[in-house]
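Descriptive structure summary
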Amino acid sequence: MLSHIYVGTNDFEAAFAFYNAVMTELGTRLRFNDASKPWAGWQPAEGARPLFIIGKPYDGQPAACGNGQMTAFMAPSRVAVDRAHAAALANGGRCEGPPALRPHYHANYYGAYLRDPEGNKICVVCHDAI
């Protein structure tokens, strides 16, 4: 369904450190990183899409967070959710909800909610029973 998601950043180095740590824990791989643009993108371990990309906005204006927007990353396990949450916090993220079961979504929904260093909301979630 998705080709790619692009999240704008005003501090590429901080954003790259944050997202690279999270993506490593989720088992994705870095597809490109060009600090001269600046932008970077990650893809699933298997396959070329969807891409998650960070970079300066194309219009040259400052990046800004949107109210009600969130990017949710699929984790391969609950342990990966825990590790990604810890990596995010260690790299400038803020906790918006620690890793936990959230049965009000569904019985196996295990997720964590965070803000990246610029305030964009992200979720890391595993939908598997264990």
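Quick note: structure is the one above.
Because the structure is a prediction, the values reported are computed rather than measured. (Residues numbered from 1 in each chain as written. Predicted model: local features only at pLDDT ≥ 70, side-chain atom pairs only at ≥ 80, totals over all residues. Heavy atoms only, no water.)

Things to note about unusual backbone geometry
That bond from lysine 37 to proline 38 is cis: its omega, -20°, falls within 30 degrees of zero. Locating proline 38 in the fold gives a position in the loop between strand S2 (29-34) and strand S3 (39-43). A cis amide bond, omega 0°, links arginine 49 with the succeeding residue proline 50. Position of proline 50 relative to the elements: it lies in the loop between S3 and strand S4 (51-55). (Helix = DSSP H or I, 4+ residues; strand = E, 2+ residues; numbered from the N terminus.)

Some points on the side chain of threonine 71
Secondary-structure assignment places threonine 71 in strand S5 (residues 71-74). When near neighbours in sequence (up to four residues on either side) are disregarded, threonine 71 contacts Ile5, Val7, Phe52, Lys121, Ile122 and Cys123. (Contact = heavy atoms within 4.5 Å.)

Digging into the pattern of salt bridges
Using the criterion set out here, one finds 2 salt bridges in the structure. A salt bridge links glutamate 25 to arginine 83, with the nearest nitrogen and oxygen atoms 2.7 Å apart. Taken together, the residues glutamate 25 in helix H1 (residues 12-25) and arginine 83 in helix H2 (residues 78-90) connect sequence positions 58 residues apart. Overall, the relative accessible area of 24% leaves glutamate 25 in the partly exposed class. With a relative accessible area of 40%, arginine 83 lands in the partly exposed category. For glutamate 96, the salt bridge is made with arginine 115, and the minimal N-O distance between the two is 3.6 Å. On the criterion of sequence distance, the pair formed by glutamate 96 in strand S6 (residues 94-101) and arginine 115 in strand S7 (residues 110-115) is long-range, its members being 19 residues apart. Arginine 115 gets classed as partly exposed once you look at its relative accessible area, which sits at 22%. (Salt bridge = Lys/Arg side-chain N within 4 Å of Asp/Glu carboxyl O. Buried < 20%, exposed > 50% of the residue type's maximum accessible area, 1.4 Å probe, protein only.)

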